Amino acid sequence: KSDGKANYTHILKSLELLAIAGVKMIVGTGEKQKEWVMTNMVTLAKWSSKIKELSVTINPYFYEMYISKSYTLVDIHRRMRINSPISKCLYRFLLSHREGWWRGHFLTLAAALNLDMQKPVFKTRENIRKAIKNLIAVNILHAKSGFEKNKEVVYLCRSENSFKLRRPRVAGELPAKSNP
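Residues numbered from 1 in each chain as written. Predicted model: local features only at pLDDT ≥ 70, side-chain atom pairs only at ≥ 80, totals over all residues. Heavy atoms only, no water.

Our next topic: the side chain of S159. Among the secondary structure elements, S159 is positioned in the segment after β7 (153-157). A polar side-chain atom of S159 sits 2.5 Å from the main-chain carbonyl oxygen of N139. Those residues within four positions of S159 in sequence are excluded, and the remaining contacts are N139, I140, L141 and H142. (Helix = DSSP H or I, 4+ residues; strand = E, 2+ residues; numbered from the N terminus. Polar contact = N/O pair within 3.5 Å; in protein donor to acceptor, adjacent residues only side chain to side chain. Contact = heavy atoms within 4.5 Å.)

The structure is reproduced here in structure tokens:
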């Protein structure tokens, strides 16, 4: 009977390779090479022999795409056009919502994006506003997305071509501004 030591060794070596190995995608060839993206699939692998526990963290972006089976070159190209870390967090936030829109208090959004809540409120508002403008510029968010007049509530609406929506909408139609 095997105690599984060889299996543990094999698993740890495989995880090490997954953490080190990267995925690199190049758009274009030779002088026409326009962009590339590189990342790894495992962001953290931790083994504790003391408590016999293995913990693995998979890159959330690839995990979401793998689960939804919607990973395409278009997703990579669109993500590469996003120029700020906060905009990328907002993009991931939008990917996690099935509806084509989200409405809520800007501090709720800031917490969901894991922004520094110790910064002054006007800075948080400014960072969210810049992220929204960036996603509008790359056609991920509809132009009507942004802060409502009271400057406390944020309204986000995906553009028609930004994501595959699970429920079809009529072209140009915006949903009502209320959470279900």
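This is not the end of the story, as more comes after the structure.
By secondary structure assignment, the location of I140 is in the loop between α6 (121-137) and β6 (146-147). The exposure class of I140 is buried, given its relative accessible area of 0%. Distance in space between the C-alpha atoms of I140 and E160 is 8.3 Å, their sequence separation being 20 residues. (Buried < 20%, exposed > 50% of the residue type's maximum accessible area, 1.4 Å probe, protein only.)

Moving on, we get to the packing of helix α4 (residues 85-95) against α6. Where α4 meets α6, the closest approach of the two axes is 8 Å, and the angle between their N-to-C directions is 70°. Of the possible angle classes, the one that applies to α4 and α6 is roughly perpendicular. Across the interface between the two elements, I86, S87, L90, Y91 and L94 of α4 pack against N127, K130, A131, I132, N134 and L135 of α6. Looking at the contact of α4 with α6, its residues break down into seven nonpolar, three polar and one charged. (Axes fitted to C-alpha atoms, helices over the stretch in contact; angles between N-to-C directions. Parallel < 35°, antiparallel > 145°, perpendicular 65-115°, else oblique. Nonpolar A, V, L, I, M, F, W, Y, C, P; charged D, E, K, R; others polar.)

Glancing now at the pattern of salt bridges. Within this structure, the stated rule accounts for three salt bridges. E148 serves as the salt-bridge partner of R103, at 2.9 Å between the closest nitrogen and oxygen. Here R103, found in strand β5 (residues 101-105), pairs with E148, found in the loop between β6 and β7; they are 45 residues apart in sequence, far enough to count as distant. For R103, a relative accessible area of 24% translates into the label partly exposed. A residue is classified by how much of its surface remains accessible, and E148, at 17% relative accessible area, is buried. In this structure, the salt-bridge partner of R125 is E152, at a minimum N-O distance of 2.8 Å. Remark: E152 occurs in the loop between β6 and β7 and R125 occurs in helix α6; sequence separation between them is 27 residues. Exposure remark for R125: the relative accessible area of 17% places this residue in the buried category. (Salt bridge = Lys/Arg side-chain N within 4 Å of Asp/Glu carboxyl O.)

This next bit is on the side chain of T124. Position of T124 among the secondary structure elements: in helix α6. For T124, a relative accessible area of 4% translates into the label buried. Apart from residues no more than four positions distant in its own chain, T124 is found in contact with F106, A110, L115, D116 and K119.

This part covers a nonpolar patch on the surface. A grouping of Y8, I11, L12, W47, L54, V56, I58 and Y63 is seen on the molecular surface, where their side chains present a nonpolar patch of about 710 Å² in accessible area. By secondary structure assignment, the location of V56 is in strand β4 (residues 53-58). (Patch = residues over 30% accessible without salt bridge, like charges linked within 9 Å, V, L, I, M, F, W, Y side chains within 5 Å. Areas by Shrake-Rupley, 256 points an atom, 1.4 Å probe, with all protein chains shown as cover.)

As for its placement among the helices and strands, I82 is situated in the loop between α3 (73-80) and α4. I82 gets classed as buried once you look at its relative accessible area, which sits at 3%. When the C-alpha positions of I82 and N134 are compared, they lie 6.8 Å apart, and in sequence the two are 52 residues distant. With near-sequence residues (within four places) excluded, I82 lies in contact with S87, K88, Y91, N134, L135, V138 and I140.

Purely geometric stuff here, so don't read any function into it on its own.
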